[in-house]
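# An overview of the molecular structure
Listed below, chain by chain, are the residues.
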Amino acid sequence: PLSRLFDSLKERTMSKWFRAADEWISANTWLLILLTLAVMGLFYAYNLDGKLDDDDEGSYLYQTWRITLGETPYRDFLTPQQPFFLFSGATVMRLLGQGVLPVRAVGVVLILVAGLFVCLIGQELLSLQAGLIAMCLFLLNPDVYRWGRMYRPEAYMLCLSTGALYVYVIALRRSRWNWMWLSSLLFGLSTLYKLFGILLLGGCLLAVAVEVVRGRLPWRTALGMGVRLVVPALAVVALVMAIFVLRFPEFYGAVFGHQLRQG
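Conventions used here
Residues numbered from 1 in each chain as written. Predicted model: local features only at pLDDT ≥ 70, side-chain atom pairs only at ≥ 80, totals over all residues. Heavy atoms only, no water. Helix = DSSP H or I, 4+ residues; strand = E, 2+ residues; numbered from the N terminus. Buried < 20%, exposed > 50% of the residue type's maximum accessible area, 1.4 Å probe, protein only. Areas by Shrake-Rupley, 256 points an atom, 1.4 Å probe, with all protein chains shown as cover. Lys, Arg positive; Asp, Glu negative; His and termini not counted. Charge placed at Lys NZ, Arg CZ, Asp CG, Glu CD. Contact = heavy atoms within 4.5 Å. Salt bridge = Lys/Arg side-chain N within 4 Å of Asp/Glu carboxyl O. Core = buried A, V, L, I, M, F, W, Y, C linked by side-chain atoms within 4.5 Å. Polar contact = N/O pair within 3.5 Å; in protein donor to acceptor, adjacent residues only side chain to side chain.

### So, the overall build of the protein chain
The secondary structure content of the protein chain amounts to 12 helices and 0 strands. Seen in sequence order, the protein chain has helices and strands lined up from the N terminus as α-α-α-α-α-α-α-α-α-α-α-α. With the principal axes as the frame, the protein chain shows a C-alpha extent of 85 × 55 × 35 Å. Counting all 263 residues of the protein chain, 42% fall into the buried class. As presented, the protein chain carries roughly 14,700 Å² of accessible surface, and 67% of it is formed by carbon and sulfur atoms. Distance between charge centroids for the protein chain: 8 Å, based on 23 positive and 17 negative side chains.

Here it is in structure tokens:
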């Protein structure tokens, strides 16, 4: 009897503690999110400019530095990187100073923003607490941590792509179909930073197709969504690419040729 009494008291006490903790977390989730972002920011910023051991990053830094001197990529020097990434880095260097720390710090901020978008996607699909967990898993991913601390286009692409995915989820969940235009535009901009950005757009189109196959979405509605998702992205990518191909004939071979030669 004493053992049963002890177990009963323990169960009631633990249940009370867990309920109190759950209520506190529910009431202060945004505070936890902001604290988590602050801690993650310190984690990402620790020894941020401590070492330079990546050849690709070194070449991007050199190319960006040459742009700050007034030179133009694809004309004064060849690079496989797309112009949005290099000119964004050159702008950062002009505003915050030349060196690795400013451009890396901007990448860290972009990754943290991408993590916040992941959190908001989790909130939209499940709950804010689920979004907090997803954000932590995203920011603690070894690849995200590594590329987020280096001057590479991945941080720019991830920030824009997760933002586009968040807008896409809102459009689906709340039937705000015109928001697809904004999502598509963001997907197009992310692709202009890194070509792999188009893969997330393809995933969204596949998700729409799956809903049609399952009978949850009329095909006419799905067709309209597909048009809204594809047209702005293709338009902005095609426009920028056409301008650079016409202005610098070496652009196509330097960027697309480089990617295609890698298989």
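### Concerning the environment of V169
Assignment of secondary structure puts V169 in helix α8 (residues 154-174). Using a relative accessible area of 8% as the deciding quantity, one classes V169 as buried. Separated by 35 residues in sequence, V169 and C204 place their C-alpha atoms 9.3 Å apart. Those residues in contact with V169, other than ones at most four positions away along the chain, are I121, E124 and L125.

### Brief notes about the pattern of salt bridges
Throughout the structure, instances matching the rule amount to 9 salt bridges. One salt bridge connects R152 with E154, and the closest N-O pair in it is separated by 3.2 Å. E154 sits in the buried class, given a relative accessible area of 10%. Ionic contacts of the salt-bridge type, sharing partners, join the residues D54, D56, R152, E154 and K194 into one network.

### With respect to the environment of T29
Counting through the fold element by element, T29 comes out in helix α2 (residues 29-45). Separated by 42 residues in sequence, T29 and E71 place their C-alpha atoms 48 Å apart. For T29, the residues in contact, after removing those within four places along its chain, are L128 and Q129.

### What to know about the nonpolar core
I33, F85, M135, L139 and Y168 are the most contacted members of the largest nonpolar core, which totals 55 residues. Of all hydrophobic cores here, the second largest spans 11 residues; its members include Y74, F244, A254 and V255.

### Let's talk about the side chain of E57
Note on placement: E57 falls in helix α3 (residues 55-68). A relative accessible area of 1% means that E57 is categorised as buried. Separated by 2.7 Å, the side chain of E57 and the backbone nitrogen of Y151 make a polar contact. Once residues lying within four places of it in the same chain are set aside, the contact partners of E57 are L52, V100, R104, M150 and Y151.

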